[in-house]
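Architecture at a glance
If you want the building blocks of each chain, they are given just below.
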Amino acid sequence: MLTVALATLRMRWTTLIGTFVALALGVGLIAVMGLGLASALGAPERAPQRFAGAPVVVMGNDTLTVEVRRGPSTDRVSRRLIHPHPVDIELLRALRALGPVTRDDGNSARGGPDAVGVDAPAAEVRRVIGDRALVLTGDDRRRADPAAARDAEGLVTVNALLGTAGGVTAFVAVFVVASTFAFAVALRRREFGLLRTAGATPGQLQRLLLTEAAVIGTLASAAGCALGLRGAPLLAGLLVDEGMAPSWFTVRPVAWPLHASFWTGLVVAFAGVWAASRRAGRIGPAEALREADVDTGVLPPARRLLGFALLAGAAFLMAKSLVTDPSALLKRKTYTTQPMVLITAAALLTPLLVRPLARLVRLPGATGMLVTANVSASLRRTAAVAAPVLITVALAGSVAGSAATVSAAKAAEVRAHTRADLVVTGEELRVRPVPGATLSASASTAVYVREEGTALLASEARAVDDAKALATVGRLPVVAGDIRDLDDRSIVVNEEWAQHTVGATVRVWLGDGRPAELRIAAVLALGTGNNGVYVTRANAPAAPVDRIDVRLSPGADRAAVTARLRDTGGTVRPTEQWLAATHPRTGPQTRLGLAVILGIALVYAAIALANTMLMAGSVRSSELNALRLAGATRSRVLAVVAGETLFAVAIGALLGLAVTAVNLAGLGAALASLSAPVTVSVQWPLVGGAAGVCAVVAVGAALLPGAVRCRSTPVH
């Protein structure tokens, strides 16, 4: 069987080169993502830098640790405090009695430095400090470095990006390889019929195709691993240059990502050819005599059932999210992965939709009649062209459109919730009364709540000086209570909180870890997640004022008010300019993630389209010669070929837009249920560009063999 498989591969290498390239590229990308993930997850511990010369570092408590339920037992969970404790004067005095103390006030908290180095035995330091602060030794001293938390966040971002890109790569690779093998089997039905006539059993045909897949998969996986080894350092450099990864991030030589990529490539090859091999085994000897060019049986019951099942699954997932947790649809992980279910369903059911769509379009002239007739007759070829276009357009429309929609909704929500004419921002603003204006000063803080006894959740919050000024300057989406009732013993929460009844008391931990019991004064709509918690400045004394919202009184001199506000030490901007600067439509990290995902989809679509059209062109000699014998000129034949290809691309683009419409409609419904502005944004330039690239690649690949065929005489 291996000898026969190698012989067929030598004969048909031109039709399988696209599959080899697609699989090698997929394995290479998975290897790159795997090496990046392994390097991020197993990043080496870096030596302390800030207090490298001190054997012991004393650092103020920077985490909140509480007990939560874990089934029948309990566990302790921690969250990083937004306002870490300083090393106060009393602690410094006790430490100086033990030995020399090194201070670095560049990252100090209010009330003292955030950490100090001590040249004394660690046991003595722990005995004196007790539980009033953290005592760090060895590599743990890096915890006091300002870059430690930033580097940890960067590694989390790298993990999220590479994990999502790896999942998209695997999804598209399986799709392209399966589609290519299925189309190749359809083109070889006469060959398989001859083999059956010569005595080959269905099992032998299946083993033949599986052997071909094993050979292609092994060679492509090996080539992909080599590509991954070369591409991983380039990806690491790109992530560092874009500021997504720490400056010291590099790819380490780890073996398991290469093993995983290699065997994933083999699994993808076998998975892609499995269904096609079963279909090849059902080809009978009579297929050797078949000359009909009208495709039949292109949507077997199993594929039809799977397509409708995935369609129902996509509807169920969206309905479940809308009913139970609409905010989940606004998360990047959800709107990146969930559309894949609907995309797969639409691609599986594409042959069912080709003929109805072709009947709806009436192209003029004899060329138009031939185009629509050939599209309807060659369902396999049309579906094989439409599928990669569908994937590319649907991913571009759904993922990029969802990201833009969520960003636009957040910006519109902030704009709708303020009456401010001016906004002052800065690190530590000095608040003074300004004639002719109402000022609402606030500071960034957080509160922590143990929800249902099982989880410790952190909520972003704003600490305000005057609740009445906040009500005047803001237009918050209050669903219960009154913002003006906020005082030092109360809190404003949103509907996401488990307890959100006005007048009820909630037990929370403030931004510096202090426990407090606060009464709920008002409840805000959930929105896009920007409607956070509000407390008074008394509950966040360590938080410096970083924003002042200003509303001008009627008849006030705007220039005079602006001049007085500059004395606060911050930047004064009109509200629209502040919104444009602080609420961009998409951030650089999101843009890079979208570029990676859509780039993968577009490259795979180009490979699949070129491979499909080259395979189809290799077996269309008799069809094109028949057109020439019927009187069609060379240009007319090429126009028919190009028209068929563009028609198939248009079907794929139309189905991709339909998938995009469904996904964005679900996102719009989620925003509406969250009382957030519904600003659905379709990225038409990106969608149109993706469809245009697919059309250019498909038409070019279709015309190349068509032009070669048309050079020969029809009689030959």
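Residues numbered from 1 in each chain as written. Predicted model: local features only at pLDDT ≥ 70, side-chain atom pairs only at ≥ 80, totals over all residues. Heavy atoms only, no water.

Thoughts on the overall build of the protein
For the protein, the helix and strand inventory stands at 21 helices and 16 strands. Among the 716 residues that make up the protein, the fraction classed as buried is 50%. If you take every contact in the protein between residues at least 6 apart in sequence, the share linking residues at least 24 apart comes to 81%. Counting every atom, the protein has about 32,100 Å² of accessible surface; 60% of that belongs to carbon and sulfur. (Helix = DSSP H or I, 4+ residues; strand = E, 2+ residues; numbered from the N terminus. Buried < 20%, exposed > 50% of the residue type's maximum accessible area, 1.4 Å probe, protein only. Contact = heavy atoms within 4.5 Å. Areas by Shrake-Rupley, 256 points an atom, 1.4 Å probe, with all protein chains shown as cover.)

Describing the nonpolar core
Formed by 86 residues in total, the largest nonpolar core has its most connected members in Leu 239, Phe 249 and Ile 651. At 16 residues, helix α14 (residues 379–416) tops the list of elements feeding residues into this core. Counting 19 residues, the second-largest nonpolar core is a separate cluster that includes Ala 443, Val 449, Trp 497 and Val 508. (Core = buried A, V, L, I, M, F, W, Y, C linked by side-chain atoms within 4.5 Å.)

Comments concerning the side chain of Thr 372
Among the secondary structure elements, Thr 372 is positioned in helix α13 (residues 365–377). Setting aside anything within four residues of it in sequence, one finds Thr 372 in contact with Ala 358, Val 361, Leu 363 and Phe 647.

Concerning the sheet that holds strand β6 (residues 134–137)
Spatially, β4-β5-β1-β6 is the arrangement adopted by the four strands of the open sheet, whose pairing is antiparallel. At either margin of the open sheet sits one strand with a lone partner, and together these are β4 (101–103) and β6. Looking at each pair of strands side by side, their axes are set apart by 30 degrees on average, direction ignored. Examined bridge by bridge, β4 and strand β5 (residues 115–118) share three bridges and lie antiparallel to one another. Bridged to Arg 103 within β5 is Val 116. Sheet strands touched by helix α3 (residues 89–96): β1 (56–59), β4 and β5. Its angle to β4, the strand with the most contacts, is close to 140 degrees. Running at roughly 170 degrees to β6, helix α4 (residues 122–129) makes contact with β1, β5 and β6 of the sheet. (Pairing = 2+ DSSP bridges. Axes fitted to C-alpha atoms, helices over the stretch in contact; angles between N-to-C directions.)

Observations regarding the pattern of salt bridges
Side chains carrying opposite charge are able to pair once their charged atoms draw close together. In total, this model carries 14 salt bridges according to the counting rule given. In this structure, the salt-bridge partner of Asp 62 is Arg 143, at a minimum N-O distance of 2.7 Å. Note that Asp 62 is positioned in the loop between β1 and β2 (63–70) and Arg 143 in the loop between β6 and α5 (146–187), a separation of 81 residues in sequence. Asp 487 serves as the salt-bridge partner of Arg 519, at 3.6 Å between the closest nitrogen and oxygen. Residue Arg 519 is found in strand β13 (residues 515–524), and its partner Asp 487 is found in the loop between β10 (478–481) and β11 (490–494); the two are separated by 32 residues along the sequence. One network of salt bridges, with partners in common, ties together Asp 62, Arg 80 and Arg 143. (Salt bridge = Lys/Arg side-chain N within 4 Å of Asp/Glu carboxyl O.)

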